[in-house]
Amino acid sequence: MSLIDFHNSTELSDAKLRTMCLDALDGWNVGGPNVRVRYSRGADFSGTCIYADRRIYINLGRHLVYPYGMKTNLAKVKTTGRGWRRPVYIVVMKTAYHLAVFIFLHEIYHLLVYRAGRNTRQKESMCDRFAARYLVDHLGAAIRTERGERVPREQWDFQDLDAFVAGRHVRRSACTARPR
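The following refers to the structure shown. (Residues numbered from 1 in each chain as written. Predicted model: local features only at pLDDT ≥ 70, side-chain atom pairs only at ≥ 80, totals over all residues. Heavy atoms only, no water.)

Across its full length, the protein carries 4 helices and 9 strands. Against the compact-globule benchmark of 16 Å for 180 residues, the protein has a radius of gyration of 16 Å, which places it among compact chains. If one aligns the C-alpha atoms of the protein with their principal axes, the spans along those axes are about 45 × 40 × 30 Å. Counting every position in the protein, which comprises 180 residues, the buried fraction comes to 46%. Of the contacts formed within the protein by residues at least 6 apart in sequence, a portion of 62% connects residues at least 24 apart. Summed over its atoms, the accessible surface of the protein is roughly 9400 Å², and 48% of this surface lies on carbon and sulfur atoms. Seen as two clouds, the 30 positive and the 17 negative side-chain charges of the protein have centres 4 Å apart. (Helix = DSSP H or I, 4+ residues; strand = E, 2+ residues; numbered from the N terminus. Rg over C-alpha atoms; globule rule 2.2 N^0.38 Å. Buried < 20%, exposed > 50% of the residue type's maximum accessible area, 1.4 Å probe, protein only. Contact = heavy atoms within 4.5 Å. Areas by Shrake-Rupley, 256 points an atom, 1.4 Å probe, with all protein chains shown as cover. Lys, Arg positive; Asp, Glu negative; His and termini not counted. Charge placed at Lys NZ, Arg CZ, Asp CG, Glu CD.)

Take a look at the structure:
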């Protein structure tokens, strides 16, 4: 289990949020990130990963009401003539804790990509899928279209994200592997 240098300046419970983040890291070697959770200056949310010192910032909008529908880049790109478009899929966040864990995991995947020696550019969709997968499997989140229809898993969970960052994932045993 990775150790986290964790600081939370929001009204969320430090112990609960830290435990949720540690639980989400189960089996992943990220080298002890420095995590800072704070309120945003107006945006609904944001996150930042600074590779050099494994620092992750999680910024949460104080004004958000839950459940909160977070627009994501989960969908496959669809080619349209000379261009492309990506449908918007929404992850329904039940609580601020769920939003914080999503942002945390999104930024952790950026860190895993970096540590695996991969190109770090244009990985937002992969990071969203990595975080969404955990929220769906462990926190009961739903993935929906903009019209509110449930999205079948195979339409958004179509990449082997674990293999992409192979070498940074530490499996303790077959029984602790995450469900797919």
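What follows covers the pairing of strand S3 (residues 45–50). A regular strand places its side chains on the two faces of the sheet in alternate fashion. With 6 bridges connecting them, S3 and strand S4 (residues 55–60) associate as antiparallel partners. Across the sheet, Thr48 pairs through a bridge with Tyr57, a residue of S4. Counting the residues between successive antiparallel strands, the hairpin from S3 to S4 contains 4 residues, one of them, Arg54, with a positive phi of roughly 50°. (Pairing = 2+ DSSP bridges.)

Attention now moves to the layout of surface pockets. Its boundaries defined by the atoms lining it, the largest pocket holds a volume of some 170 Å³. Lys78, Pro87, Val88, Tyr89, Thr145, Glu146, Arg147, Glu149, Arg150, Val151, Pro152 and Gln155 together form the lining of the largest pocket. Looking at the lining of the largest pocket residue by residue, the class counts come to 5 nonpolar, 2 polar and 5 charged. (1 Å grid on protein atoms, 1.4 Å probe; cavity = no way out; pocket = protein on both sides within 12 Å on 5 of 7 lines; lining within 4 Å. Points joined across faces, edges and corners; volume = space filled by probe spheres on them. Nonpolar A, V, L, I, M, F, W, Y, C, P; charged D, E, K, R; others polar.)

To continue, consider helix H1 (residues 14–24). It helps to recall that an α-helix has 3.6 residues per turn; residues three or four apart then point in one direction. For H1, the complete set of buried residues consists of Leu17, Met20, Cys21, Leu22 and Ala24. Where H1 is buried, its residues contact strand S1 (5–8), strand S2 (34–39), helix H2 (96–115) and helix H3 (124–139).

This paragraph deals with H2. For H2, spanning 20 residues, the distance from its first C-alpha to its last is 28 Å, which sits close to the expected 28 Å at 1.5 Å a residue. Extensive coverage of H2 is indicated by the burial of 18 of its 20 residues. The distance from a side-chain oxygen at the start of H2 to the backbone nitrogen of Tyr97 is 3.2 Å, and the residue carrying that oxygen is Thr95. In the stretch just after H2, Gly117 is the one whose phi turns positive, near 80°. (Expected span 1.5 Å × (residues − 1). Polar contact = N/O pair within 3.5 Å; in protein donor to acceptor, adjacent residues only side chain to side chain.)

Following the sequence through the fold, His106 ends up in helix H2. One polar contact links His106 to Glu124, side chain to side chain, over a distance of 2.8 Å. Residues in contact with His106, not counting those within four places in the same chain, are Glu124, Cys127, Asp128 and Ala131.

As a further point, take the nonpolar core. One finds Ile58, Val91, Phe104, Tyr109 and Leu135 to be the most contacted residues of the largest nonpolar core, which totals 54 residues. Elements that contribute at least two residues to this core include exactly H1, S2, S4, strand S5 (68–72), strand S8 (89–93), H2, H3 and helix H4 (161–164). Here this core takes 14 residues from H2, the largest share from any one element. (Core = buried A, V, L, I, M, F, W, Y, C linked by side-chain atoms within 4.5 Å.)

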